[in-house]
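The chain contents come next:
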Amino acid sequence: MNDSQMRRVYLDHNATTPVHPEVLGAMLPYYKEKFGNASSIHGFGKEIKVALEESREKVAKSINATSNEIYFTGGGTESDNLAIKGTAFANRKKGKHIITSKIEHHAILESCKFLEKEGFEIAYLPVDKSGFVDPDDLKKALRKDTILVSIMYANNEVGTIEPVEELAKIAKDNGVYFHTDAVQAMGKIPADVQKLNVDMLSVSGHKIYGPKGVGAIYIRKGTRIIPWSHGGSHERSRRAGTENVPGIVGLAKALEIVHKEMEEQSKHLRNLTETFYRKLTQAIPDVFLNGHLEKRIPNTLSLSFKAVEGESIILSLDLKGVAVSTGSACASGSLEPSHVLSAMGIAPELAQAAIRFSFGRDNTMEDVDYVVKILPEIVSRLRSMSPLYANK
Ligand SMILES: *Cc1c(COP(=O)(O)O)cnc(C)c1O
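From a predicted model like this one, the values you see are computed outputs, not experimental measurements. (Residues numbered from 1 in each chain as written. Predicted model: local features only at pLDDT ≥ 70, side-chain atom pairs only at ≥ 80, totals over all residues. Heavy atoms only, no water.)

Student: Help me understand the domain arrangement of the protein chain in this model?
Tutor: A common way to express how large an interface is: the accessible area buried when the components associate. Here the domain parsing of the protein chain yields domain 1 (7-17 + 262-384) and domain 2 (21-258). Counting from both sides, the interface comprises 29 residues of domain 1 and, opposite them, 34 residues of domain 2. Along the contact surface separating domain 1 from domain 2 lie 0 salt bridges. Joining domain 1 to domain 2, the criterion identifies 13 residue pairs in polar contact (both at pLDDT 80 or more). Residue assignment for the side of domain 1 that touches domain 2 shows that the elements contributing at least two residues are helix 10 (262-283), strand 10 (300-305) and helix 12 (339-343). In terms of residues, the side of domain 1 that touches domain 2 owes the most to one element, helix 12, which gives 4 residues. In terms of residue class, the side of domain 1 that touches domain 2 is built from 9 nonpolar, 16 polar and 4 charged. (Domains from an automatic or database assignment. Contact = heavy atoms within 4.5 Å. Salt bridge = Lys/Arg side-chain N within 4 Å of Asp/Glu carboxyl O. Polar contact = N/O pair within 3.5 Å; in protein donor to acceptor, adjacent residues only side chain to side chain. Helix = DSSP H or I, 4+ residues; strand = E, 2+ residues; numbered from the N terminus. Nonpolar A, V, L, I, M, F, W, Y, C, P; charged D, E, K, R; others polar.)

Student: Hey, could you run me through the environment of Gly 36 in this one?
Tutor: Take Gly 36: it is sitting in the loop between helix 1 (21-27) and helix 2 (43-62). The class for Gly 36 is buried, based on a relative accessible area of 14%. Remark: the alpha-carbon pair of Gly 36 and His 13, spanning 23 residues in sequence, is separated by 33 Å. Ignoring sequence-local partners within four residues, the contact set of Gly 36 consists of Phe 44 and Ile 48. (Buried < 20%, exposed > 50% of the residue type's maximum accessible area, 1.4 Å probe, protein only.)

Student: Explain the sheet that holds strand 7 (residues 200-204) to me, please; I cannot follow it from the model alone.
Tutor: Strand order across the open sheet formed by 7 strands is 2-8-7-6-5-3-4, with mixed pairing between neighbours. In this open sheet, the two edge strands, each paired with only one partner strand, are strand 2 (70-73) and strand 4 (121-125). Pairs of neighbouring strands in the sheet enclose a mean axial angle of 20 degrees, with direction left out of account. Bridge analysis of strand 7 against strand 8 (residues 215-219) gives 5 bridges, and the strand direction is antiparallel. Pairing of Met 200 across the sheet is with Ile 219, part of strand 8. Sitting on the sheet, helix 6 (residues 164-173) is in contact with strand 5 (146-150) and strand 6 (177-181), with an inclination near 155 degrees to strand 6. The sheet strands contacting helix 9 (residues 245-260) are strand 2, strand 7 and strand 8, and the helix crosses strand 7 at an angle near 100 degrees. (Pairing = 2+ DSSP bridges. Axes fitted to C-alpha atoms, helices over the stretch in contact; angles between N-to-C directions.)

Student: For this particular structure, what's the right way to read the pattern of salt bridges?
Tutor: A pair can form between side chains of opposite charge whenever their charged atoms are brought close. Taken as a whole, this structure holds 20 salt bridges when the rule is applied. Arg 7 serves as the salt-bridge partner of Asp 367, at 2.9 Å between the closest nitrogen and oxygen. A residue pair is termed long-range when its members are at least 10 positions apart, and Asp 367 in helix 14 (residues 365-384) and Arg 7 in the segment before strand 1 (9-10) qualify at 360 residues. Asp 367 sits in the buried class, given a relative accessible area of 7%. If you follow the salt bridges from partner to partner, you end up with Lys 49, Glu 53, Arg 56 and Glu 235 in one network.

Student: So what exactly am I meant to see when it comes to the site of the ligand here?
Tutor: Around the ligand, 13 residues are found, and the nearest of them are Thr 77, Asp 181, Ser 204, His 206 and Lys 207. Separating an oxygen atom of the ligand from a side-chain N or O atom of Thr 77 is a distance of 2.6 Å. Note that an oxygen atom of the ligand is positioned 2.7 Å from one of the side-chain N or O atoms of His 206. Against a free-state accessible area of 390 Å², the protein chains account for coverage of 88% of the ligand. Looking at the shell around the ligand element by element, the count peaks at 3 residues for helix 3 (residues 76-90). Each residue belonging to the shell around the ligand can be placed in one class, and the counts come to 2 nonpolar, 8 polar and 3 charged. (Near = heavy atom within 4 Å. Areas by Shrake-Rupley, 256 points an atom, 1.4 Å probe, with all protein chains shown as cover.)

Student: What is the right way to look at the packing of helix 10 against helix 14 in this model?
Tutor: Helix-helix packing is characterised by the crossing angle of the two axes and by the distance between the axes. One way to put it is that helix 10 packs onto helix 14 with a least axis distance of 10 Å and a crossing angle of 20 degrees. If you check the angle between helix 10 and helix 14, you find them roughly parallel. In terms of crossing hand, the pair formed by helix 10 and helix 14 is right-handed. Only Met 365, Val 368, Asp 369, Val 371, Val 372, Leu 375 and Pro 376 of helix 14 make contact with helix 10, whose side of the interface consists of Asn 271, Leu 272, Thr 275, Phe 276, Lys 279, Leu 280 and Ala 283. Of the residues belonging to the contact of helix 10 with helix 14, the class tally is 10 nonpolar, 2 polar and 2 charged. (Parallel < 35°, antiparallel > 145°, perpendicular 65-115°, else oblique. Left-handed = near helix turned anticlockwise from the far one by under 90°.)

Student: Hey, could you run me through the sheet that holds strand 10 in this one?
Tutor: Spatial strand order, 9-10-12: 3 strands in an open sheet with antiparallel pairing. Both edges of this open sheet fall to strand 9 (287-290) and strand 12 (354-358), since each of them pairs with a single strand only. On average, adjacent strands in this sheet sit at an angle of 30 degrees to one another, irrespective of strand direction. As paired strands, strand 9 and strand 10 are joined by 4 bridges and run antiparallel to one another. Opposite Phe 288, over in strand 10, you have Ser 304 as the bridge partner. Against the sheet, helix 10 touches strand 9, strand 10 and strand 12, its axis set at about 15 degrees to strand 10.

Below you can see the structure in the form of structure tokens.
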């Protein structure tokens, strides 16, 4: 079979997703005839302002917020940075203590590291072997001077869904702001900011079949937060810079679609990942699930293949047209074991042997069958060369 005939299977949707055709369709006019600046007071600007506010309304609706609580940003990373640093600096007279978890995305962890250099104190909560934060640990970590708690809604490497509702209640009962990074949860599980009782929530476009480089943050009315970029009075002075209007229109459209199709997609993805897991564990011995089979976002499976380097599997699968990743896209290429798997207490050998399979809306049962057909051969070949694996 030559390259052009090779089947291509994309199983790396937690790294990024293709733009949905309807999303692209909604965006295109804003690159062409509708090119105005939303801040201009002439007709070209006004029609853009209308599109911007309609998009804000759509985003608000998808998480049960009001539109004046939605701010558009340059992506999930920027939303996380604003939430952490903006709240920290706005509330430092009240206290310098922040609580997060050990398994957050680097956008959160690196923002916290920066704050440590600025004199803030950060508590990093542990997780159990499935990746769950224990609400009792949060209770114990709270101090009089705690100003913010940030715990992700769903983990990008293993898919574990954190008990955000319970965690946020503990924070709120103690008068502490609660932020959640919901980048991987959006469109996969319900995200209602009233029910979750969170003060801030981060969203990214390109993880939900929208464009890259655009995101949003929900900031509950009354939250004390300072902007992190300064300039014009865009986004009600919380995020300066001419709005990425095509991106914002695309983000809103994407959220609308994933929200509308969540139930159906959830069933589809659960069916694919459960079948994949069952068939694969039947075909290959010594495969271990990282995370929790039930309490996970339905598209994500992290599996460790004993005595095989995850990187070797990725390269072998790539030759067969299959795209997967180790822990997270950002950590790829580094030899450090994933901070998420380490925090879960996974032994380094098994952490190095982990592969993340993240399915998406366009994947089919044929994709599952294809990977189940080629992967056993790859694993047994790699194991046959491994001094760590005793051939049975
Ligand atoms: C991808 C991701 C981010 C970063 O979003 P970008 O839009 O790529 O900056 C943040 N948090 C989580 C959990 C993610 O998966």
